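Inside the fold
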Amino acid sequence: MRILGIETSCDETAAAVVALDDAGAPQILSNVVFSQIEEHTAFGGVVPEIAARAHVEALDGIIEAALSEAGVELSQVDGIAATAGPGLIGGLIVGLMTAKAMAAASGKPLLPVNHLEGHALTARLTDDVAFPYLLLLVSGGHTQVILVRGVGDYQRWASTIDDALGEAFDKTAKLLGLPYPGGPNVERQAALGDAKRFAFPRPLRGEDRLDFSFSGLKTAVRQTASAIAPLSDTDIADICAGFQRAITETLAERVGRSLEKFRTLYPQVERPALVVAGGVAANKAIRATLDELCPRHEMRLVAPPIALCTDNAAMIAWAGIERMRAGLESADAQSFAPRSRWPLDEDAAPIIGSGKRGAKA
Ligand code: KG4
Ligand code: ZN
């Protein structure tokens, strides 16, 4: 089985071909990602209209590159999977319409994929993780803990009640005058600073609910920064270090509760796994925290390679394979309308105050 995947939900234009070999093992035949970061840097964030136009310009060439790198023609793929949500609506329309046109012209099945499902299932592509497992998704638009019970079978356990974790990094960076995207720059500065100099809050610590909150932390950073302005390089590094320490301690406490719940619900699961996905998973301090946390709950951490943790089309092609294999193809995929909001767990109550930027994943 060979699937072409297309991803255009945010600021990456991506296409990939993923196959199952005769033994049923997955193979990434190509994985082409064009990042639009340069087009958005001047604005300090993703501008939806610019993103949509850039997808239109880049997508055809990216798909051709993905097919030719994989050494296959369109006639040789068994289906076309495209991100149909959640995300920025302009980009979703570009990707899904392209996939619809290609599917209609070639007579191949079309698989509209939930971007979050792509992130959720990647660990099965890279590490063959068995259901059920826990997913921690930490990106610029999402901060969630999701119980993954099967393909299309998800339960959201936790979400942020305000800012996403990547958003908190990006806003902190902006406040301190560090360039976009903020996460990597905050991490770099944090490595140089003294984490003990400033006392930042640990949001929701001790609360039974499993959710996250990061806007109070961001406000504390703003107040600290304006109280000691103008900031020296040392001040900036110390604030970043204190901020990152607050984040890692908060994650350890919050995620620890979800791990406990998982162990209680599924004591019989062998080699239980916490899977981490999303751009923030690139942060080494956060990875180290999770690495240390998991064994305390007799769980293992599965962190796919960064290129597959951040937005890419291999995860979309893979989700297409998983859906096809599970017989979850939809008969009227051609009439599927892109959805800017599309929770993985449709039964989960919306979180009040969340999703100001909640389009991305
Ligand atoms: O998953 P992703 O590439 O895109 C979406 O949001 O969908 O995640 C990007 C986010 C940005 O907020 C970025 O600042 C954050 O991930 N990020 C990091 C690091 N690298 C990327 N945050 C903290 N530390 C990092 N090293
Ligand atoms: Zn994403």
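Just so it is clear, the structure is predicted and the values come from calculations on it, not from any experiment. (Residues numbered from 1 in each chain as written. Chains lettered and ligands numbered in written order. Predicted model: local features only at pLDDT ≥ 70, side-chain atom pairs only at ≥ 80, totals over all residues. Heavy atoms only, no water.)

Next up on the list: the overall build of the chain. Each helix and strand counted, the chain has eleven helices and ten strands in total. Over its C-alpha atoms the chain spans a radius of gyration of 20 Å, differing by no more than 12% from the 21 Å that the globule rule assigns to 361 residues. With respect to the three principal axes, the spread of C-alpha positions in the chain is 65 × 50 × 35 Å. Counting all 361 residues of the chain, 57% fall into the buried class. Summarising the internal contacts of the chain: among those between residues at least 6 apart in sequence, 74% fall at separations of at least 24. Looking at the chain as shown, the accessible area adds up to about 14700 Å², and 51% of this sits on carbon and sulfur atoms. Within the chain, the 44 negative side-chain charges are centred at a point lying 6 Å from the centre of the 34 positive side-chain charges. (Helix = DSSP H or I, 4+ residues; strand = E, 2+ residues; numbered from the N terminus. Rg over C-alpha atoms; globule rule 2.2 N^0.38 Å. Buried < 20%, exposed > 50% of the residue type's maximum accessible area, 1.4 Å probe, protein only. Contact = heavy atoms within 4.5 Å. Areas by Shrake-Rupley, 256 points an atom, 1.4 Å probe, with all protein chains shown as cover. Lys, Arg positive; Asp, Glu negative; His and termini not counted. Charge placed at Lys NZ, Arg CZ, Asp CG, Glu CD.)

Glancing now at the sheet that holds strand S2 (residues 12-20). In space, the five strands of this open sheet follow the order S3-S2-S1-S4-S5, with mixed pairing throughout. The sheet is open, and its two borders are formed by strand S3 (26-35) and strand S5 (110-114), each paired with just one other strand. Taken pair by pair, the neighbouring strands of this sheet meet at an average axis angle of 20 degrees, ignoring direction. Here strand S1 (residues 2-7) pairs with S2 via six bridges, running antiparallel. Bridge pairing links Gly5 to Ala16 in S2. (Pairing = 2+ DSSP bridges. Axes fitted to C-alpha atoms, helices over the stretch in contact; angles between N-to-C directions.)

Moving on, we come to the packing of aromatic side chains. Inspection of the entire model under this criterion finds six aromatic pairs. Here the aromatic rings of Phe262 and Tyr266 are separated by 5.1 Å at their centres, their planes lie at 40 degrees, and the arrangement is tilted. You'll find Phe262 and Tyr266 in the same group, each marked buried. Taken together, a centroid distance of 5.2 Å and an interplanar angle of 40 degrees make the contact between Phe336 and Trp342 tilted. When the ring centre of Trp157 is taken as reference, the NZ or CZ atom of Lys261 above it lies at 4.3 Å. (Phe/Tyr/Trp six-rings, centres within 6.5 Å; stacked < 30°, edge-to-face > 60°. Lys NZ or Arg CZ within 6 Å of the ring centre and 35° of its normal.)

Here we come to the sheet that holds strand S7 (residues 143-150). Through backbone hydrogen bonds, the strands of a sheet pair up, either in parallel or in antiparallel fashion. A sheet is described by the order of its strands in space; here five strands give the open sequence S8-S7-S6-S9-S10, paired in mixed fashion. Looking at the sheet topology across the chains shown, the edges are occupied by strand S8 (153-159) and strand S10 (300-302). Neighbour-to-neighbour, the strand axes of this sheet turn through a mean angle of 25 degrees, independent of strand direction. The pairing of strand S6 (residues 133-138) with S7 spans six bridges and is antiparallel. Pairing of Val138 across the sheet is with Thr143, part of S7. Strands S6, S7, S8, strand S9 (273-277) and S10 of the sheet are contacted by helix H4 (residues 115-127), whose axis makes an angle of about 125 degrees with S6.

For the rest of this paragraph, the subject is the pairing of S7. For S7, a buried count of seven out of eight residues is recorded, marking the element as mostly surrounded by other parts of the structure. In this antiparallel pair of consecutive strands, S6 and S7, the connection spans four residues.

For the rest of this paragraph, the subject is the layout of surface pockets. If you roll a probe as big as a water molecule over the atoms, it shows you where there is empty space left. By volume, the largest pocket is sized at about 650 Å³. Every residue lining the largest pocket is counted, 30 residues in all, and those nearest its centre are Gly140, Pro181, Gly279, Val280 and Thr310. If you list the elements that add at least two residues to the lining of the largest pocket, you get helix H5 (165-175), helix H6 (182-190) and helix H10 (306-309). Taken together, the residues of the lining of the largest pocket break down into 13 nonpolar, ten polar and seven charged. (1 Å grid on protein atoms, 1.4 Å probe; cavity = no way out; pocket = protein on both sides within 12 Å on 5 of 7 lines; lining within 4 Å. Points joined across faces, edges and corners; volume = space filled by probe spheres on them. Nonpolar A, V, L, I, M, F, W, Y, C, P; charged D, E, K, R; others polar.)

Attention now moves to a nonpolar patch on the surface. Residues Ile89, Ile93 and Met97 make up a contiguous nonpolar surface patch of about 240 Å² in total accessible area. Within the secondary structure layout, Ile93 lies in helix H3 (residues 89-106). (Patch = residues over 30% accessible without salt bridge, like charges linked within 9 Å, V, L, I, M, F, W, Y side chains within 5 Å. Salt bridge = Lys/Arg side-chain N within 4 Å of Asp/Glu carboxyl O.)

Right, let's get into the nonpolar core. Of all hydrophobic cores here, the largest spans 48 residues; its most connected members are Leu136, Leu165, Ile247 and Val255. The greatest single-element share of this core, amounting to eleven residues, is contributed by helix H8 (residues 233-265). For Val255, the contacting residues outside a window of four places in its chain are Leu136, Phe212, Leu274, Leu290 and Leu293. Ala16, Val129, Val275 and Met324 belong to the second largest nonpolar core, which has 36 residues in total. (Core = buried A, V, L, I, M, F, W, Y, C linked by side-chain atoms within 4.5 Å.)

Right, let's get into unusual backbone geometry. Across the junction of Gly85 and Pro86, the peptide omega takes the value -15 degrees, indicating a cis bond. Within the fold, Pro86 resides in the loop between strand S4 (79-85) and H3. Following Phe131, the chain continues to Pro132 via a peptide bond in cis, the omega torsion being -10 degrees. Summarising the element assignment, Pro132 is placed in the loop between H4 and S6. If you check the backbone angles, Leu204 has positive phi at about 65 degrees while not being a glycine.

Here the focus is the packing of H5 against H8. One can describe the packing of H5 onto H8 by two numbers: an axis separation of 12 Å at closest approach and a directional angle of 170 degrees. Between H5 and H8, the angle falls in the class roughly antiparallel. Contacts between H5 and H8 involve Leu165, Ala168, Phe169 and Thr172 from the former and Phe243, Gln244, Ile247 and Leu251 from the latter. (Parallel < 35°, antiparallel > 145°, perpendicular 65-115°, else oblique.)

In this structure, Leu274 sits in strand S9. Remark: the alpha-carbon pair of Leu274 and Leu147, spanning 127 residues in sequence, is separated by 9.6 Å. Every residue in contact with Leu274, bar those within four places of it in the chain, is listed here: Leu134, Leu135, Leu136, Val255, Leu259, Leu290, Cys294, Met299, Arg300, Leu301 and Val302.

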